[in-house]
Every structure is written in C-alpha cells, then in structure tokens.
Amino acid sequence: MNTSSLLAWVLLLAPLLSAFMIWAFLKPFPFLSQIVSVGACAISFLIAIGVALGSIHEPVTINWIDIGGLTVQLGMVFDSLSKVMLLVVTGVGLMIHIYSMGYMGEDPGRSRFFAELSLFMLSMLGIVVATNFIMMYLFWELVGVSSYLLIGFWFEKPSAANAATKAFLANRIGDFGFLLGIIMFWTFTGSLMFDPSLSSYFKGHPLVTIMALLLFCGCVGKSAQIPLHVWLPDAMEGPTPVSALIHAATMVAAGVYMLCRIFFVLEQSEQALEVIAWTGGITALVAALTATQQDDIKRILAYSTMSQLGYMVMAVGSSATIAAMFHLCTHAFFKALLFLGAGSILHVLHHEQDIWKMGGLWKKMPLTFLTFFIGTCALAGVPGFSGFYSKDTILEMVGEKNKMLFWLGLFTAGLTAFYMTRLFVLTFMGAPKSEVAEHAHESPFVMGLPMVVLSFFALVGGYSVVGIEKALGTTHEAMSQAAKLNVMILSVLVGLTGVGIGAFAYWNKQKEIVIFPLFKNKFYFDELYELTLLKLQQLLAGVFAWLDEWIIGFGIVRGSAFLVSVGGELLRVFQTGNIRSYAFIFGAGAAAILVFFLISS
Amino acid sequence: MENFFFWTFVLTMIGSGIGVIANKNPVASAMNLVLMIISIAGLFVLLGAYFLAAVQVLVYAGAVMVLFLFIIMLLDLKAEQQANFRMLGIIGGLLTVLLLGIGFFLAGKNITSLVGKMGIVIQNNSIKALGELLFGNYALAFEAVGVLLLISMIGVIILSKKDLD
Amino acid sequence: MQIGLTHYLTASGILFAIGLAGIILRRDMIIIYMCLEIMLNAANLALVAFSRYNSNLSGQVLVFFVITVAAAEVAVGLALIVALFRVKHSTKAEDITLLKF
C-alpha cells in the first residue's frame, strides 16, 4: 500500500477521528472542538482536491465481510461522479463549518454540534466513495443518524425532538425499501458492487422494475420526495448551518447521487424510470406551490429544496443523470448560500423566522443582502447565474423525453422565480416591519466569508469555464442548437414573468395578498397522514394490544404457566423424597429400556 | 479342579451377597460383603487377572471395608428394629430384578454369539502388560484418577469438619 | 463342563440383581452403600470376564479405574452419611427427605 492510497483513507479518517476526539476528550473545550472539526473538514477538502486532480488514487480495497457467497468490501471509487461530488461535499462542508463557528456563537452545546457535524462529514463522504451497496447503506444509515442528532440538536425544544423523530421515521420507511432492493439485487447478481456489467444478470427480467423502485425508495426517503417528504420542512428545527449542509446541499442530494450511481439498474426498466420522473416532477410542482404561501423563511427554503430535488429526480427519471448531477452541484452552492444568508438574518434578528416581520434589511446587512441576491438569482434561474444553466440542461433533457413533464418543469421554474422574489422582496425590501428588523446589523466576518465564497460559486458554477459539467461528461450532444435556444428563451421568459409577478405583487405589502388554503397548509399532507396513517396505526395498535393482552398475556404466558403449575402439582405426587423408591423406578426404567432394545434388535 | 474352584467361589459370592442384604445387623452385612469381595478376587484369579485380584483384596477388603466398619462403629448402629421388608418393596424389588434378569438373559444370548474366541488363554505376563497399558495408553486417565482421589480426600476432610454450615 | 464366558456373565448378572434388590429393599443408608459396592463388583466381574475371553487388557484397566473411583466414592459417601447423621441422628433413607417438596 503506497502513500497516496493511505491518503485516500484519510479522507474518511479525518472526520471520524475528529468526531471521536471531540466526543471523547474535547467536550469541555468548545473552541478546541471547533478548530479540530474545521481542521478535519479542511483536510478532507484538500484530499478531495488531490483526488480531483488525479494525484490521489483509489486505495486498495479491504475485504470487510467474506461469508460464503457474500463478499462486502470497503473500498473507494474515484470516478467523475464521485470526484465532483467529493469536491462539492467537502467544499460546501468546509464553508459551512467555518460559518458555524460564528453562527453557533456561545451555544453551550457547541462541542457536541461540531462532533456531530464531523460524524456527518464522515458518513456523507462514505456514501460518495462507496463501491458497493452495503458500504453505501452503512454510511446511508450513518447519515440518517447524524441528521437525526443534528435536527434534534436543541432537544430540549419538544418541536425539535419531534422533528428529529419524524425525520428518522420517514427515512426509515424509505431505507427499508432500499434494503429490500439491495437484497433483491444481491439475489439477482450474487454481488453487491456498483458494476454496470452486472446488469446482464437481470436484463429483461420482469422483477427488475420492482427492484428499481425499491432502490428508489431509499431516494424517496432521503431526498424528501412525495410521499415521504413531510420530514424535510420540519427538519428546519435544527440549527441553520445544519439545514444548509444536510437538508439542502449534501444529504438530501445523496438520494439523487445514489440514483446516478445505480443508474445501470434503473435504466433496465422503462416503467421504473417513468415512475421516478413523475415522482420528481410532482414533488417539484407540489413543493413549489407550497412554498408560495409559507411565512417561515427557512420553510420556504426547505420547500424550495424539495422542489429542486424533485427536479433532479425528474432528470434522473428522464435518463439525464449528468444533468441531474450538474444541477445537484450548482444547487448545493446556491442553496447552501441561501440558507447561510437566512441563518445570518436569523442570527441578528434573534431567531425571528417570519418573513412578514422582516423588511428593509438591505440597508442594515449589505453583505447578506448581496450574497442572498446572488443566491436568489441563481435559484430563480436568472441568465448568467449557475442555476440557469443547470436548470436549462434538465429542462432540455426532460423536454426530449416527455413533453408533459417539460411543461410541468417549466411551470415550476416560473413558480420558483415567483416565490423566491416574494421571499426576497419581503425580507430585504420595503420598510422594516418589526422592532427587531429595525435594529439589525451585519453578521460577523466568519459568517460573511463563507457566504462570499459560496456566492462566487453560485455565480460562476454554471459556466463551462468552471467545468463542472465537463467533469461529469457531456450531456446533450444530440440536441440541436435551435431546440436548445427555444428552451432557453422559454425558461427565461417564464422566469422573468415569475420574478415580475412576485416583485409587483409583494412590493411593500404588509400582509399576504391572497391565501390559498391548499398551498398554505402544505397540501394537507400532515393532516392526511394524521387521518389515515395515525388512525390506521391506532386501530392496529388496538388490535395488537388486544392480542397481547388476551392471546399472548392470558393465553400463552399465563396459560403455559397454569399448565406447568398443574403439571407440577400432578408430578409432585410422585416425588416422595424416598431414595429407595427412586432407585426402584430408576432400576426398573433402565431394565425396561434394556429389554426394549434387545427385543427390538 | 478349575471347575471346582469356580463353583465354590460363585456360590460363596452369591450366598454372601444375599447375606449382605438379608442380615439385620450392619456388622454382619459388612462381614458378608468382605466374604463376597474375597470370592470375587478368587474369580479374578481364575480369570488370570492376578493384579486385579490383589487390588480387590487390598482396596476393597482392606481399605473400603475397614472404612465401612469404622463408620458403623462410629455411628453405633443397632440392628433394625421393625420388620425389614415391606410387601410393596418386595414386589417392586422382585419385579425389577426379574426385568433385569430378562434383560441380562437376552443380552447374554447376543453377547455370546458375538464372542467367538471363547477359551483363549490370556498371555502369561499379564501384569507387566497391564502396567504398560496403564502407564502408556491410559497415563492421562491414571493421572486424572489420582487427582480425583486427592479431591475426594479434600472433600471428605471438609465434610467431616465439626462446624459444617 | 468347561467354564465359559456365559457362566461368568450369569454370575455377574445375579450379583447385580442382588445388589439392586438390596438398594430397593433396605432402609439403612450404609447397607444401601454396601449394595452399591456389590453392583460395582458385579460390573467388574463382567469386565474382567470379557477381558479374558477377548484377550483384551483394556477391560482390566477399566476395572482398575472403577475400583479407584469406588474407593473415592465410598470415602465421600460415608463422610456425607456421617455429616447427615450429625443433623438427623439417623441413617435411615426415609428420614432424609430434604428434596421432597
């Protein structure tokens, strides 16, 4: 094993060591914890750069489990997909680590926060470099755990604790499907590797659709697609850097990344791809519609994240994995940026999250204003910003495959522009609408720096000079220039219409102009679940309680005890305590057995 | 000559065996047991197991029986007062013995048909061969038995202590 | 009449039955112990007879071990009887029913 492959393992070991060190030794020293955690992330980032430049190679794989036909390896795959993803995860992660040093301020649990952040970095990087299903699943669950820990970081707040549980449970459902899919894959191929050549094992098999959909379940949970999306808005209870890192830039995108990794499975089934594309499209639309009526700045961003993830999933469903990954990268930049901006606002407004109580912040917080502006433009798809390019790529690819989804996506793009303008106008423009907003001031430098860096990438991330798209591979060679231009013009028009309507409708408004209860109440998903799932659960619980009480409790437990005690009372008669009668019975029994065997032989 | 000794020893053995269980006085029972053990030692001699015959007399008739008598004296056991046998006991005992007899009879039929080399005389130097076997093949078992004796000795000492809780 | 294996085995069986009958019939623990010895001796006799007629000395080795174990067992058993006698002042099997529920 040479040095460069050892270095590759450091990529994972650095955050692991950091998490362990902080948890074990550095709990009482928050400042040191910060330094260690940020340092570990920086090391990972440097190694990621080394990987991207090709100077660090894939390490020798380690056989982790080798039982019979099951071989699970711990290894790393450095292909174009993971190289880009590594850079995004570690880069954005580093920025957010630095930002957290400012944001977490004097929180008493800072050490714990940074330990959990490091744990998250470990698990996320593990997913990215995973060479096989089991390794990915392992880190997949670790991501879930660290997400759970971080959402519930302020666990003394009941809402945060509940949100953490909700996120965990929703992910559990998805992960269960994912696990079933993995088992199915193993049954088909006898291997767990991400190896496209394995697809010959199940090519054309009728069950391949089911397998693809089961694997997709993991993505539905992790990437908050309908119907398991309900946890993501609630996850905003966590600290804002967490929302930025986990619930916007990286973890939720892991679902999409996973879909791209296993695309060789998905592409075997047209129906599965269809389902995936429609799930993504509908999620994008529903989330965008919901976002137009929310008041909480972080929730708007959360729904926007969902919507953009829907976009990516839709792209994967349309066989445009590279477009999906491209959008994933740009989205990671600008959505992290937006969240950091929101965090910056919350930081100075003493955690006032209602956008109707903000306003006029552009004068008070010029840096936040500027970076947030760039983020909004990128998300809204204003030409010249990164989001524009990646979104257009997706729309082009989808348009080629499914016209209906194309219009749906286009409409969603318009909605995105609309609600982002609404958010922006209400937050930064007009007059301050509350006491705290009037006394706002700029955030500290440690928070400003990451925002500036991220806004730079949000601005230029889409340019071909930066080469994210090129690094992933070419996307749409076949597409004619005219069709490309058509899509571009359409999306610009729609985007500008959205921006225009949003700006016009909400400029200097004090309260909501028109209320759509359906959107306001998030399409009643929570209520629907409460009605159906909870009722069902209550019913099931009742049935099981009855079973437990009468069949198990009364029948099996007490019944068997009763039988045993009756039997004991009966057998007690024979237990005279007289050695000689025991000897008699013993001798007679032995003799009887002897006779029996001799006669029968 | 051999036949004469065989029948003498066997009859003495059975007679004194019955004497052990029929005597009311424990000391008489013990004496009958000594007689039985000695006649078995005689049978061992007839079978060519000279070493075992010696061990039988030394260990059983010498050590074990002395221990029995010592305990009987120590506890000062009297002859049993009440009737020794109860009807149920006799029936049960006879039944068991009968069943066992049937078993042995059947087993004997099977075994004698298995052993074809009846009457082959064992090699003369059997004690030496036995010693080689004991300290060769069975050396480990021999040591284990030694340890067992040690442990039983310790156990007896502990059990015999006056303040046994 | 040639004395054969059958004779020895029969003698051994009879002796074993006597020992068993004694265990069942007698009440005194010490006598029961003696009957145990009878049964062990019956087994020894059978083993030695087999050893002789199969020309295999392993049987004699086994008998040697049986005698040793029996000696150890008698020592422990009698110590137990003495210990019990101290508590119960009796060596009758009926009086020792500690295990009876």
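The structure contained in this document is the topic of the report that follows. (Residues numbered from 1 in each chain as written. Chains lettered and ligands numbered in written order. Predicted model: local features only at pLDDT ≥ 70, side-chain atom pairs only at ≥ 80, totals over all residues. Heavy atoms only, no water.)

### Here's the deal with the overall build of chain B
For step 1, the next point in the chain: Scanning chain B from N- to C-terminus turns up 6 helices and 0 strands.
For step 2, the next point in the chain: The helix and strand sequence of chain B, counted from the amino end, reads α-α-α-α-α-α.
For step 3, the next point in the chain: Relative to its 165 residues, chain B shows a buried fraction of 37%.
For step 4, the next point in the chain: Summed over its atoms, the accessible surface of chain B is roughly 9,500 Å², and 74% of this surface lies on carbon and sulfur atoms. (Helix = DSSP H or I, 4+ residues; strand = E, 2+ residues; numbered from the N terminus. Buried < 20%, exposed > 50% of the residue type's maximum accessible area, 1.4 Å probe, protein only. Areas by Shrake-Rupley, 256 points an atom, 1.4 Å probe, with all protein chains shown as cover.)

### Side note on the overall build of chain A
For step 1, the next point in the chain: A count of helices and strands for chain A gives 25 helices and 2 strands.
For step 2, the next point in the chain: In chain A, which comprises 601 residues, the share counted as buried stands at 57%.
For step 3, the next point in the chain: Contacts in chain A between residues far apart in sequence, at least 24 positions, make up 81% of those at least 6 positions apart.
For step 4, the next point in the chain: Just so you have it, chain A exposes about 24,400 Å², and 73% of that area is on carbon and sulfur atoms. (Contact = heavy atoms within 4.5 Å.)

### Here we look at the packing of helix 5 (residues 126–135) of chain B against helix 3 (residues 58–88) of chain C
The description of two helices packed together rests on the angle between their axes and the distance between the axes.
For step 1, the next point in the chain: For the pair helix 5 of chain B and helix 3 of chain C, interaxial distance at closest approach is 10 Å and the crossing angle is 70°. With respect to helix 3 of chain C, the axis of helix 5 of chain B lies roughly perpendicular. Once helix 5 of chain B is placed against helix 3 of chain C, the crossing between them reads as right-handed. Of the residues in helix 3 of chain C, those touching helix 5 of chain B at Leu130(B), Leu133(B) and Leu134(B) are Ser58(C), Gln60(C), Val61(C), Phe64(C) and Phe65(C).
For step 2, the next point in the chain: Per-class residue counts for the contact of helix 5 of chain B with helix 3 of chain C are 6 nonpolar, 2 polar and no charged. (Axes fitted to C-alpha atoms, helices over the stretch in contact; angles between N-to-C directions. Parallel < 35°, antiparallel > 145°, perpendicular 65-115°, else oblique. Left-handed = near helix turned anticlockwise from the far one by under 90°. Nonpolar A, V, L, I, M, F, W, Y, C, P; charged D, E, K, R; others polar.)

### Description of the packing of aromatic side chains
Residue and element names in this part refer to chain A.
For step 1, the next point in the chain: Taken as a whole and assessed by the stated rule, the structure comprises 38 aromatic pairs over all chains.
For step 2, the next point in the chain: For the ring pair Trp550 and Phe554, a centre distance of 5.7 Å and an interplane angle of 55° mean the geometry is tilted. Of the two residues, Trp550 and Phe554 are both situated in helix 24 (residues 525–572); the distance of 4 residues between them amounts to about one turn of the helix.
For step 3, the next point in the chain: Residue classification places Phe554 among the partly exposed positions, given a relative accessible area of 47%.
For step 4, the next point in the chain: Three or more aromatic residues link up through ring pairs in this structure, and these residues are Phe133, Phe185, Phe188, Phe194, Phe202 and Phe264.
For step 5, the next point in the chain: A cation sits over an aromatic face here: Lys391 above Tyr311, 5.7 Å from the ring centre. (Phe/Tyr/Trp six-rings, centres within 6.5 Å; stacked < 30°, edge-to-face > 60°. Lys NZ or Arg CZ within 6 Å of the ring centre and 35° of its normal.)

### Examining the interface of chain B and chain A
For step 1, the next point in the chain: Listed as interface residues are 11 residues of chain B and, on the opposing side, 11 residues of chain A.
For step 2, the next point in the chain: Carbon and sulfur atoms make up 77% of the area that chain B and chain A hide from each other, which totals about 800 Å².
For step 3, the next point in the chain: Of all residues in chain B, Thr96(B), Leu99(B) and Leu106(B) bury the most surface against chain A, accounting for 47% of the area lost on that side.
For step 4, the next point in the chain: One can count 0 salt bridges joining chain B with chain A. (Buried area = accessible area lost by both parts, 1.4 Å probe. Salt bridge = Lys/Arg side-chain N within 4 Å of Asp/Glu carboxyl O.)

### Describing the pairing of strand 1 (residues 62–67) of chain A
All names here are of chain A.
For step 1, the next point in the chain: As paired elements, strand 1 and strand 2 (residues 70–74) share 5 bridges and run antiparallel to each other. Bridged to Ile65 within strand 2 is Val72.
For step 2, the next point in the chain: Hairpin connection of strand 1 to strand 2: 2 residues between the antiparallel strands, including Gly68 at a positive phi of 50°. (Pairing = 2+ DSSP bridges.)

### Points about the environment of Asn44(C)
For step 1, the next point in the chain: In this structure, Asn44(C) sits in helix 2 (residues 29–54).
For step 2, the next point in the chain: Taking C-alpha positions, Asn44(C) is 8.8 Å from Gly59(C), a pair spaced 15 residues apart along the chain.
For step 3, the next point in the chain: Not counting residues within four places of it along the chain, the set of residues in contact with Asn44(C) comprises Phe44(B), Tyr60(B), Val63(C), Val66(C) and Ile67(C).

### Describing the interface of chain B and chain C
For step 1, the next point in the chain: With 80 residues of chain B in contact, the opposing surface of chain C contributes 68 residues.
For step 2, the next point in the chain: For the pair chain B and chain C, the summed buried surface comes to about 6,800 Å²; carbon and sulfur atoms form 77% of the total.
For step 3, the next point in the chain: Area buried by chain B at its contact with chain C is led by Leu47(B), Tyr60(B) and Phe68(B), which between them contribute 10% of it.
For step 4, the next point in the chain: Our count for the contact surface shared by chain B and chain C stands at 0 salt bridges.
For step 5, the next point in the chain: Scanning the region where chain B abuts chain C turns up 6 residue pairs in polar contact (both at pLDDT 80 or more). (Polar contact = N/O pair within 3.5 Å; in protein donor to acceptor, adjacent residues only side chain to side chain.)

### Overview of the side chain of Arg422(A)
Residues and elements named next belong to chain A.
For step 1, the next point in the chain: Locating Arg422 in the fold gives a position in helix 18 (residues 403–428).
For step 2, the next point in the chain: A polar contact of 2.9 Å, which involves the side chain of Arg422, links it to the backbone oxygen of Gln294.
For step 3, the next point in the chain: At a separation of 3.3 Å, a polar atom in the side chain of Arg422 contacts the side chain of Tyr506.
For step 4, the next point in the chain: Residue contacts for Arg422: discarding those within four places in its chain leaves Ala291, Thr292, Gln293, Gln294, Asp295, Ile300, Ile355, Trp356, Tyr506 and Glu512.

### Quick word on the pattern of salt bridges
Residue and element names in this part refer to chain A.
For step 1, the next point in the chain: Taken as a whole, this structure holds 10 salt bridges over all chains when the rule is applied.
For step 2, the next point in the chain: Residue Lys166 pairs with Asp234 through a salt bridge whose shortest N-O separation is 2.8 Å. Placement of the pair is Lys166 in helix 6 (residues 158–189) and Asp234 in helix 8 (residues 231–234), with a sequence separation of 68 residues.
For step 3, the next point in the chain: A salt bridge links Asp295 to Arg422, with the shortest nitrogen-to-oxygen separation between them at 3.6 Å. Taken together, the residues Asp295 in the loop between helix 12 (270–291) and helix 13 (297–317) and Arg422 in helix 18 connect sequence positions 127 residues apart.
For step 4, the next point in the chain: Through salt bridges with shared partners, a single network forms among Glu141, Arg172 and Asp175.

### A short note on unusual backbone geometry
All names here are of chain A.
For step 1, the next point in the chain: Cis geometry marks the peptide bond from Ile226 to Pro227; its omega dihedral reads 10°.
For step 2, the next point in the chain: Within the element layout of this structure, Pro227 appears in the loop between helix 7 (208–222) and helix 8.
For step 3, the next point in the chain: With phi around 55°, Ala224 is a residue other than glycine that occupies positive phi space.
For step 4, the next point in the chain: By the element assignment, Ala224 lies in the loop between helix 7 and helix 8.
For step 5, the next point in the chain: Positive phi outside glycine occurs at Ser319, with the angle close to 65°.
For step 6, the next point in the chain: Summarising the element assignment, Ser319 is placed in the loop between helix 13 and helix 14 (321–348).

### Digging into the packing of helix 16 (residues 366–380) of chain A against helix 17 (residues 386–401) of chain A
Residues and elements named next belong to chain A.
For step 1, the next point in the chain: Across the interface, helix 16 lies against helix 17 with an axial gap of 6 Å and an inter-helix angle of 15°. On the basis of their axis angle, the class for helix 16 and helix 17 is roughly parallel. The way helix 16 lies across helix 17 gives a crossing that is right-handed. For the pair formed by helix 16 and helix 17, the contact residues are Ala378, Leu379 and Ala380 on the first element and Ser386, Gly387, Phe388 and Lys391 on the second.

### Observations concerning helix 5 of chain B
For step 1, the next point in the chain: Buried residues of helix 5 of chain B: Ser126(B), Leu130(B), Leu133(B) and Leu134(B), and no others. The buried residues of helix 5 of chain B occupy an angular sector of 95° when the element is viewed end-on, so they sit on one face. Projecting away from the buried face of helix 5 of chain B at angles above 90 degrees are the exposed residues Glu132(B) and Phe135(B).
For step 2, the next point in the chain: Contact partners of the buried residues in helix 5 of chain B: helix 3 (50–75) and helix 6 (139–160) of chain B together with helix 3 of chain C. (Arc of directions from axis to C-beta.)

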